[in-house]
Amino acid sequence: MFITKQKKVEQLMDNYQQQIIRCVDDFIKAVNEFISEPDSDRLRKNSLDVHHAESVADDVRRDIEEMMYSRSLFPESRGDILGLIETMDKVPNKAEESIRLLLNQHIKIPKMLNADISQLLEVVERCVNIMLEATDKLFANFIGSIAEVGKLDEIESHADTLEAAIIDKIFSSDIDGFDKILLRDFIQDIASITDLSMDVGDRVRLIVSKRRV
Amino acid sequence: MLSLFSTYSPISGGLYLGWTLGANDAANIFGTAVAARIITFKKACIISSIFIILGAMIQGYKGIQTVSNITDQTISTAFIITVAAALTVTIMTFLSLPVSTSQAMVGAVLGIGLSIGTVNFQPLLKVVICWLFTPVASMFVAMIVYKILGFILDHWPMSILTRDKILWSGLLLTGIYGSYALGANNVTVSTGVFSGLLPGVSDFFLALIGGIAIASGVITFSKRVIIEVGSKIMPLNAFTAFIAVFSMSTTVHLFAFVGAPVSTSQAIIGAIAGISLIRGINPTSNRELKRIAIGWTLTPITALIFASAAYAIFI
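The paragraphs below set out a description of the structure included in this document.

Criteria and thresholds
Residues numbered from 1 in each chain as written. Chains lettered and ligands numbered in written order. Predicted model: local features only at pLDDT ≥ 70, side-chain atom pairs only at ≥ 80, totals over all residues. Heavy atoms only, no water. Helix = DSSP H or I, 4+ residues; strand = E, 2+ residues; numbered from the N terminus. Contact = heavy atoms within 4.5 Å. Areas by Shrake-Rupley, 256 points an atom, 1.4 Å probe, with all protein chains shown as cover. Lys, Arg positive; Asp, Glu negative; His and termini not counted. Charge placed at Lys NZ, Arg CZ, Asp CG, Glu CD. Rg over C-alpha atoms; globule rule 2.2 N^0.38 Å. Buried < 20%, exposed > 50% of the residue type's maximum accessible area, 1.4 Å probe, protein only. Core = buried A, V, L, I, M, F, W, Y, C linked by side-chain atoms within 4.5 Å. Salt bridge = Lys/Arg side-chain N within 4 Å of Asp/Glu carboxyl O. Polar contact = N/O pair within 3.5 Å; in protein donor to acceptor, adjacent residues only side chain to side chain. Expected span 1.5 Å × (residues − 1). Bend = angle between axes of the 7 residues up to and from the residue. Phe/Tyr/Trp six-rings, centres within 6.5 Å; stacked < 30°, edge-to-face > 60°. Axes fitted to C-alpha atoms, helices over the stretch in contact; angles between N-to-C directions. Parallel < 35°, antiparallel > 145°, perpendicular 65-115°, else oblique.

## With respect to the overall build of chain B
Line of reasoning, step 1. What chain B contains, in helices and strands, is 13 helices and 0 strands.
Line of reasoning, step 2. Across chain B, helices and strands are ordered from the amino to the carboxyl terminus as α-α-α-α-α-α-α-α-α-α-α-α-α.
Line of reasoning, step 3. Its C-alpha atoms give chain B principal-axis dimensions of roughly 65 × 40 × 30 Å.
Line of reasoning, step 4. Residue pairs at least 24 apart in sequence account for 88% of intrachain contacts in chain B once pairs closer than 6 positions are excluded.
Line of reasoning, step 5. Of the roughly 13000 Å² of accessible surface on chain B, a fraction of 73% belongs to carbon and sulfur atoms.
Line of reasoning, step 6. Here chain B carries 15 positive and 7 negative side-chain charges, and the mean point of each set is 8 Å from the other.

Following this line, the structure appears as structure tokens:
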């Protein structure tokens, strides 16, 4: 009974992680394509992919929650997993929110920022992958999760540095004042994905600490 | 029919004492698991009852022999002993002092023995030494098991859910073992003093009905104590709860081999002290320590006084 429930929870968590990485990958692809060739129609189409991945992730999250509320597992682990997926859920939500910002507010990205934004997106991708590696390890070798969370600290601080540098570049340029604000918001949104990944890392750290003898 | 009733009715005192023991001591075995909703109260009751009776039947008679050897009994003194012990347990519980049913019973046996002047000090000394060693032995078992199991759990790659599964199985198995040990060690407290006093009733049968009395205490009246002990006195997680119950069970079972009835409450307090020492935290406040010391000292003395007074008045 317990074994079946455990397997089911592990499978659902694995599925949830795959949906998150799919959503983030679609988001990164959409932004990269937009900065290399600003095409609103293609961005709209790509944003639908991000939205779809986010919806599927939400469905899987609900399945996990439903399973948790049906009295599976230890109460302590139930609370921990519910808290974890609630924190993880903010990552695809933020990806979807950022792509909507780009689309709905018709943000124009100057060519001089292309390389910087691509670099920031790379860092975001690495950060999300490590965050998922950490959560994955909770269900394979939970003590090993801590090493992954340690890597997150480093990457998140790198993302902060990049974000600050890009915002500085935006406000030092001769871009229109209003566009500067929109660009700043967009950059902050992208960078905040690493902050949210870090929040997941903090949750993982707490889950492991509670279980360390 | 009436003569049958008058012959066998004194055992009601022992059954009542067994019932109070079950109501109080089941909390030491399943308190944390039930309070933390790891095991349901119903499951805990069923498991506890079955294994208490099994423990009493398979190993309980040894303790029966030790207690009945402390002093010579008549059916009347046996009845006084059980009622005096049960009354002591009731008063101590009312005063919220930690109480050991086995100490109350041995105190009452000694009270009768002193009144009639036939105390056999050899088995008594054995019991008292075992009392002193109970919390200490449990503390050491807890410290050793904590270190070994802690090392394994911290170094063996596993899912948090596998860890849960291990601890869930561990709590269930130690609950079974603890129930068995409680029956094996403490059944003597319930019906031990009636050994050889009831015509046609063997020690095995006394162990059986004593075990049933303890089990009925678990089923009918232990819920409140289980919840209170589980949530207040032992704020442990699944791992430390497992260590505490395992250490308690091992210690109490060890003393069942020796044939000395010891207290599960004292064993569990010893185990918690051991866990606290390893984790470098203060196990309890000075006020709580004082309460424990008062409870442990007053229980046998009160039972001794009650039994002596009842003997002086009624016999």
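## Digging into the overall build of chain A
Line of reasoning, step 1. Scanning chain A for helices and strands turns up 7 helices and 0 strands.
Line of reasoning, step 2. Counting helices and strands in the order they occur from the N terminus, chain A gives α-α-α-α-α-α-α.
Line of reasoning, step 3. Compactness check: chain A gives a C-alpha radius of gyration of 18 Å against a globular reference of 17 Å for 213 residues, within 12% of the reference.
Line of reasoning, step 4. Counting over 213 residues, chain A shows a buried share of 54%.
Line of reasoning, step 5. Taking the contacts inside chain A whose residues are at least 6 apart along the sequence as the reference set, 82% of them involve residues at least 24 apart.
Line of reasoning, step 6. For chain A, the distance from the average site of its 28 positive side-chain charges to the average site of its 41 negative ones is 5 Å.

## Examining the nonpolar core
Line of reasoning, step 1. With 162 residues, the main nonpolar core has F27, I81, I109 and V128 of chain A together with M105 of chain B as its most contacted residues.
Line of reasoning, step 2. Once residues within four sequence positions are removed from consideration, I109 of chain A is found in contact with F34, I35, L102, N114, I117, L183 and F186 of chain A.

## Thoughts on the interface of chain A and chain B
Line of reasoning, step 1. Between chain A and chain B, the contact holds 21 residues from the first and 20 residues from the second.
Line of reasoning, step 2. Connecting chain A to chain B are 0 salt bridges.
Line of reasoning, step 3. There are 8 residue pairs in polar contact (both at pLDDT 80 or more) connecting chain A and chain B.
Line of reasoning, step 4. When contributions to the side of chain A that touches chain B are tallied by element, the ones reaching two or more residues are helix 1 (2-36), helix 3 (75-88) and helix 7 (177-211) of chain A.
Line of reasoning, step 5. Among the elements that line the side of chain A that touches chain B, the one with the most residues is helix 1 of chain A, at 5 residues.

## Considering helix 7 of chain A
Line of reasoning, step 1. Taking 1.5 Å of rise per residue, 35 residues should cover 51 Å, and helix 7 of chain A covers 51 Å from first to last C-alpha, within 8% of that figure.
Line of reasoning, step 2. Along its length, helix 7 of chain A shows its largest kink, about 25 degrees, at A191 of chain A.

## Focus: the packing of aromatic side chains
The description of an aromatic ring pair uses the distance of the two centres, along with the angle that the planes make with each other.
All names here are of chain B.
Line of reasoning, step 1. Going through the model one piece at a time under the given rule, you end up with 4 aromatic pairs over all chains.
Line of reasoning, step 2. Pairing Y16 with W19 gives two aromatic rings, centres 6.4 Å apart and planes at 20 degrees, and the pair type is stacked. With Y16 and W19 both in helix 2 (residues 11-35) and 3 residues apart, the pair spans about one turn of that helix.
Line of reasoning, step 3. Where W19 meets F221, the ring centres are 5.4 Å apart and the plane angle is 40 degrees; that geometry is what we call tilted.

## Thoughts on the packing of helix 4 (residues 90-104) of chain A against helix 7 of chain A
All names here are of chain A.
Line of reasoning, step 1. Here helix 4 crosses helix 7 at 175 degrees, and the two axes come no closer than 9 Å. Comparing their axes, helix 7 and helix 4 come out roughly antiparallel. Residues K90, V91, K94, A95, E97, S98, L101 and L102 of helix 4 lie in contact with helix 7, whose contacting residues are D185, F186, D189, I190, S192, I193, L196 and S197.

## What to know about the pattern of salt bridges
Residues and elements named next belong to chain A.
Line of reasoning, step 1. Within this structure, the stated rule accounts for 18 salt bridges over all chains.
Line of reasoning, step 2. Of the charged contacts, one joins R211 and D80 as a salt bridge, the two residues approaching to 2.8 Å between their closest N and O atoms. Taken as a pair, R211 in helix 7 and D80 in helix 3 lie far apart in primary sequence, 131 residues in all. Summarising the burial analysis for this pair, R211 and D80 share the class buried.
Line of reasoning, step 3. Salt-bridge contacts for R184 lead to D185; the nearest nitrogen and oxygen are separated by 3.2 Å.
Line of reasoning, step 4. Bridged by salt links that share partners, the residues D58, R61, E65 and D89 form one connected network.

## Comments concerning the side chain of N46 of chain A
Line of reasoning, step 1. Within the fold, N46 of chain A resides in helix 2 (residues 40-69).
Line of reasoning, step 2. Within the local environment of N46 of chain A, its side chain forms a polar contact with the side chain of E33 of chain A, the two groups lying 2.9 Å apart.

## Structural notes on the side chain of T174 of chain B
Residue and element names in this part refer to chain B.
Line of reasoning, step 1. Structurally, T174 can be placed in helix 8 (residues 160-191).
Line of reasoning, step 2. Accessibility expressed as a relative area gives 3% for T174, which makes it buried.
Line of reasoning, step 3. For T174, the contacting residues outside a window of four places in its chain are F242, V245, F246 and S249.

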